[in-house]
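# Survey of secondary and tertiary structure
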Amino acid sequence: MKIYADNAATTRMSRAAIDAMMPYIEEYYGNPSSLYSFGQQAKEALESARETVAKCIGAQPREILFTSGGSEADNQAILSAAALGKKAGKTHIISDAIEHHAVLHTLKKLEKEGFEVTYLPVGTDGIVKVEDLEAAIREDTCLVTVMYANNEIGTIQPIKEIGKICREKKILFHTDAVQAVGHIPVNVESEYIDMLSSSAHKFHGPKGVGFLYARKGIRLTNLIEGGAQERGRRAGTENVPGIVAMAAALKESVEKIGENVKHAAALRDKLIAGLAGIPHSALNGDAVKRLPSNVSFCFEGIEGESLLLLLDDKGICASSGSACTSGSLDPSHVLLAIGRVHDVAHGSLRLTLGDDATEEEVDYIIQSVREVVEYLRGFSPVWRDLCAGKTEFIL
Amino acid sequence: MALYSEKVMDHFRNPRNVGVIEDADGVGEVGNAKCGDIMKIYLKIDDDIITDVKFETFGCGSAIASSSMATELIKGKPVAEAMELTNKAVAEALDGLPDYKMHCSVLAEEAIKNALDDYYAKKSQNNN
Ligand SMILES: Cc1ncc(COP(=O)(O)O)c(C=O)c1O
Ligand SMILES: [Zn+2]
């Protein structure tokens with residue numbers, strides 16, 4: 001069996017997305033900035049894509065800026081808010097401990113420039129506490145940036161509550177919604193979101209395309225200087241085929257959200273129940289407030305990379321937050337933030353199911369993980385010590 | 001391109017000398033769960049010849065492969081020769097390791113030295 005269970009890493013392009021993009025590769029290759037009709041055809045496609053994308057998240061077309069993906073959108077949103085803050089003498093930013101590196105590294109850069117950043121902790125459930133946010137807000141807070149849903153453990157943050165507080169306090173609120181858009185309902189209007197980052201390849205669109213939503217009136221800082229594309233906020237000839245495909249992919253994903261959520265959540269819960277049957281294992285993050293396709297586990301006594309390699313041999317594509325898969329000595333900051341100690345965090349496994357996953361596949365995954373974990377524990381000195389009572393089980 | 005050489009994958013998938021030696025003459029354990037790799041080596045030694053060797057490893061693919069290869073390289077060898085085993089020799093025998101995985105071969109070298117130290121320590125105790 002061949003099972004792609006790493007849909008949080010990237011997804012397969014949908015037929016709708018491929019079909020939508022092909023004409024803009026093969027035929028309508030004009031430059032949207034050219035004034036002859038051949039260029040204007042591309043321009044029309046671009047603007048129609050903008051309308052579609054805007055509608056999918058409850059925004060106005062003018063509030064959508066096309067980017068090269070989620071990372072760029074995160075960078076631009078945060079740097080823009082920081083620039084606005086600085087002008088007003090406000091240099092405090094609030095974020096949290098489990099953000100994607102696109103956010104964390106941008107914040108690190110700002111810290112070096114004199115900004116102060118408060119990283120809200122998350123509970124063992126992987127969720128930010130709204131009281132902590134309220135307590136962290138200061139006179140000089142210029143931005144709150146909290147992700148919509150986490151890429152590793154799938155937990156969903158109380159975005160609407162956070163947004164409401166920020167709106168009342170007149171603080172800009174950005175959310176990295178890369179893992180949420182197209183997977184769960186997102187509405188910038190009703191959830192008081194000022195800025196939102198999204199990436200096409202996470203919802204069956206192409207790689208290297210994304211968008212930033214910025215509420216009307218928020219002045220964005222350019223990351224890329226040059227021509228006047230994107231109303232002067234992002235230079236460079238637009239990736240027309242990619243953008244058109246993104247819009248088609250998003251439209252289809254959003255139309256199917258209800259049905260996909262139901263289907264995926266049922267399989268997710270079956271998978272969670274199956275893996276929980278493995279002794280000394282634990283689900284990472286809240287069981288309910290999580291993405292419908294995300295399953296993240298820690299297994300005591302084994303290491304994640306070897307687990308992944310053996311699952312690969314069984315045809316299963318998955319991922320892990322272990323140190324050895326990242327090239328650093330520390331396991332994932334997300335797992336550490338939810339209180340998993342190093343020893344346990346190394347033995348993590350993330351399975352993110354596709355919309356087309358089946359019960360049979362889930363059964364096969366459960367059986368395979370069970371076998372591989374048992375096999376690796378069979379010659380793990382850590383497991384031996386745990387079983388001999390020399391060290392204490394944590395999970 | 002694959003992450004690892006075929007040799008590494010072979011030793012990872014079919015590790016040689018896995019297990020424990022209950023009445024080992026030398027036992028070495030290195031690494032810690034914090035950094036993500038732990039190796040334990042058991043030696044059976046007769047007349048200063050390593051007659052049997054077993055290992056247990058908690059770690060990534062290259063950690064398991066390095067343990068496996070290291071045990072193969074010292075099995076049947078005189079202890080003096082085993083003492084000379086370098087991490088480079090382990091990595092070379094595996095047709096190379098990615099740069100950031102070289103520490104796994106270092107761990108294998110250290111685990112064996114550790115087990116040999118244990119053997120010498122026990123031996124000198126018995127002679128006293
Ligand atoms: C939460 C989150 N933010 C940002 C990104 C970066 O998106 P992109 O790969 O489109 O730059 C990702 C993708 O890995 C993500 O999961
Ligand atoms: Zn390793």
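Rules used in this analysis
- Residues numbered from 1 in each chain as written.
- Chains lettered and ligands numbered in written order.
- Predicted model: local features only at pLDDT ≥ 70, side-chain atom pairs only at ≥ 80, totals over all residues.
- Heavy atoms only, no water.
- Helix = DSSP H or I, 4+ residues; strand = E, 2+ residues; numbered from the N terminus.
- Rg over C-alpha atoms; globule rule 2.2 N^0.38 Å.
- Areas by Shrake-Rupley, 256 points an atom, 1.4 Å probe, with all protein chains shown as cover.
- Lys, Arg positive; Asp, Glu negative; His and termini not counted.
- Charge placed at Lys NZ, Arg CZ, Asp CG, Glu CD.
- Near = heavy atom within 4 Å.
- Polar contact = N/O pair within 3.5 Å; in protein donor to acceptor, adjacent residues only side chain to side chain.
- Nonpolar A, V, L, I, M, F, W, Y, C, P; charged D, E, K, R; others polar.
- Buried < 20%, exposed > 50% of the residue type's maximum accessible area, 1.4 Å probe, protein only.
- Pairing = 2+ DSSP bridges.
- Salt bridge = Lys/Arg side-chain N within 4 Å of Asp/Glu carboxyl O.
- pLDDT = per-residue confidence, 0-100.
- Expected span 1.5 Å × (residues − 1).
- Axes fitted to C-alpha atoms, helices over the stretch in contact; angles between N-to-C directions.
- Contact = heavy atoms within 4.5 Å.
- Domains from an automatic or database assignment.
- Buried area = accessible area lost by both parts, 1.4 Å probe.
- Phe/Tyr/Trp six-rings, centres within 6.5 Å; stacked < 30°, edge-to-face > 60°.
- Lys NZ or Arg CZ within 6 Å of the ring centre and 35° of its normal.
- Parallel < 35°, antiparallel > 145°, perpendicular 65-115°, else oblique.
- Left-handed = near helix turned anticlockwise from the far one by under 90°.

## Focus: the overall build of chain B
Each helix and strand in chain B was counted, giving five helices and three strands. The N-to-C order of helical and strand elements in chain B reads α-β-β-β-α-α-α-α. In terms of overall size, chain B behaves like a compact globule, its C-alpha atoms giving a radius of gyration of 14 Å where 128 residues would be expected to give roughly 14 Å. Taken along its principal axes, the extent of the C-alpha atoms in chain B is 55 × 30 × 20 Å. For chain B, the exposed surface amounts to about 5700 Å²; the carbon and sulfur share of it is 48%. Distance from the positive charge centre (14 side chains) to the negative charge centre (22 side chains) of chain B: 3 Å.

## Observations regarding the site of ligand 1
All names here are of chain A. Taken together, 13 residues form the shell around ligand 1, and within it Ser71, Asp176, Gln179, Ser199 and Lys202 come nearest. Contact distances for ligand 1 include 2.8 Å between an oxygen atom and a backbone N or O atom of Gly70. The contact in question runs from an oxygen atom of ligand 1 to an N or O atom on the side chain of His201, over 3.2 Å. Within the shell around ligand 1, the residues separate by chemical class into two nonpolar, eight polar and three charged.

## Some remarks on the pairing of strand S2 (residues 64-67) of chain A
Residues and elements named next belong to chain A. Neither face of S2 is exposed, since Ile64 and Phe66 on one face and Leu65 and Thr67 on the opposite face are all buried. Of the strand pairs in this sheet, S2 and strand S8 (residues 210-214) are connected by four bridges, and their pairing is antiparallel. By the bridge assignment, Leu65 is partnered in S8 with Leu212.

## What to know about the pattern of salt bridges
All names here are of chain A. Taken as a whole and judged by the stated rule, the model has 29 salt bridges over all chains. In this structure, the salt-bridge partner of Glu168 is Lys164, at a minimum N-O distance of 4.0 Å. Of this pair, Glu168 and Lys164 both sit in helix H6 (residues 159-168), four residues apart, roughly one helical turn. The exposure class assigned to Glu168 is exposed, which follows from its relative accessible area of 58%. On the accessibility criterion, Lys164 (40% relative accessible area) is partly exposed.

## Structural notes on the environment of Ile394 of chain A
Mapped onto the elements of the fold, Ile394 of chain A is located in the segment after helix H14 (381-387). Along the chain, Ile394 of chain A and Gln367 of chain A lie 27 residues apart, while their C-alpha atoms are 24 Å from each other.

## Let's talk about the confidence of the model for chain B
Confidence in the prediction of chain B, expressed as mean pLDDT, is 94, and 97% of residues score 70 or more. Interface confidence in the predicted complex, given as ipTM, is 0.95; pTM for the same model is 0.95.

## Considering helix H13 (residues 359-377) of chain A
The terminal C-alpha atoms of H13 of chain A lie 27 Å apart, and with 19 residues this matches the ideal 27 Å at 1.5 Å per residue to within 8%. Within H13 of chain A, burial applies to Val362, Ile365, Ile366, Ser368, Val369, Val372, Val373, Leu376 and Arg377 of chain A.

## As for the sheet that holds strand S7 (residues 195-199) of chain A
Residue and element names in this part refer to chain A. A sheet is described by the order of its strands in space; here seven strands give the open sequence S2-S8-S7-S6-S5-S3-S4, paired in mixed fashion. Single-partner strands in this sheet number two, and they are S2 and strand S4 (116-120). Averaged over all pairs of adjacent strands, the angle between their axes in this sheet comes to 20°, without regard to strand direction. Relative to S4, strand S3 (residues 92-96) runs parallel, the two being bridged by five bridges. Note that in S4 the partner of Ser95 across the bridge is Tyr119. Where helix H2 (residues 37-57) meets the sheet, its contacts fall on S2, S7 and S8, and the angle it forms with S2 comes to roughly 115°.

## Focus: the domain arrangement of chain A
Residues and elements named next belong to chain A. When cut into domains, chain A gives domain 1 (15-255) and domain 2 (256-388). Here domain 1 and domain 2 have C-alpha centroids that lie 29 Å from each other. Facing 30 residues of domain 1, the contacting portion of domain 2 comprises 21 residues. Taking both partners together, domain 1 and domain 2 bury about 2000 Å²; carbon and sulfur atoms supply 58% of that area. For the domain 1 face of the interface with domain 2, the top three residues by lost area are Glu152, Ile153 and His183, together amounting to 29%. Here domain 1 and domain 2 share one salt bridge between them. The partner of Lys256 in a salt bridge is Glu252, with the nearest N and O atoms 3.7 Å apart.

## With respect to the interface of chain B and chain A
Contacts between the two partners involve 27 residues from chain B, matched on the other side by 22 residues from chain A. Summed over the shared surface of chain B and chain A, the number is three salt bridges. The shortest N-O distance in the salt bridge between Asp313 of chain A and Arg13 of chain B comes to 2.5 Å. Elements with a contribution of two residues or more to the side of chain B that touches chain A: helix H1 (6-13), strand S2 (37-46), strand S3 (49-58) and helix H2 (61-74) of chain B. Here the residues of the side of chain B that touches chain A are counted per class, giving 15 nonpolar, five polar and seven charged.

## With respect to the packing of aromatic side chains
Geometry of an aromatic ring pair is reported as the spacing of the ring centres plus the angle between the planes. Per the stated rule, a full pass over the model turns up seven aromatic pairs over all chains. With centroids separated by 5.6 Å and ring planes inclined at 45°, the aromatic side chains of Tyr24 of chain A and Tyr28 of chain A adopt a geometry described as tilted. In this structure Tyr28 of chain A comes out as partly exposed when scored by relative accessible area, which is 29%. Every member of this aromatic cluster is reached through a ring pair, and the members are Tyr375 and Phe379 of chain A together with Phe55 of chain B. Between Arg377 of chain A and the ring centre of Trp383 of chain A, over which it is positioned, the NZ or CZ distance is 4.0 Å.

## Considerations on the packing of H2 of chain A against helix H7 (residues 240-255) of chain A
All names here are of chain A. For the pair H2 and H7, the least separation of the axes is 9 Å and the interaxial angle reads 30°. Overall, the two elements H2 and H7 adopt an arrangement that is roughly parallel. Relative to H7, the crossing made by H2 is left-handed. Counted together, Ala42, Ala45, Leu46, Ala49, Thr52, Val53 and Cys56 of H2 and Val240, Ile243, Val244, Ala247, Leu250, Lys251 and Val254 of H7 form the full contact between these two elements.

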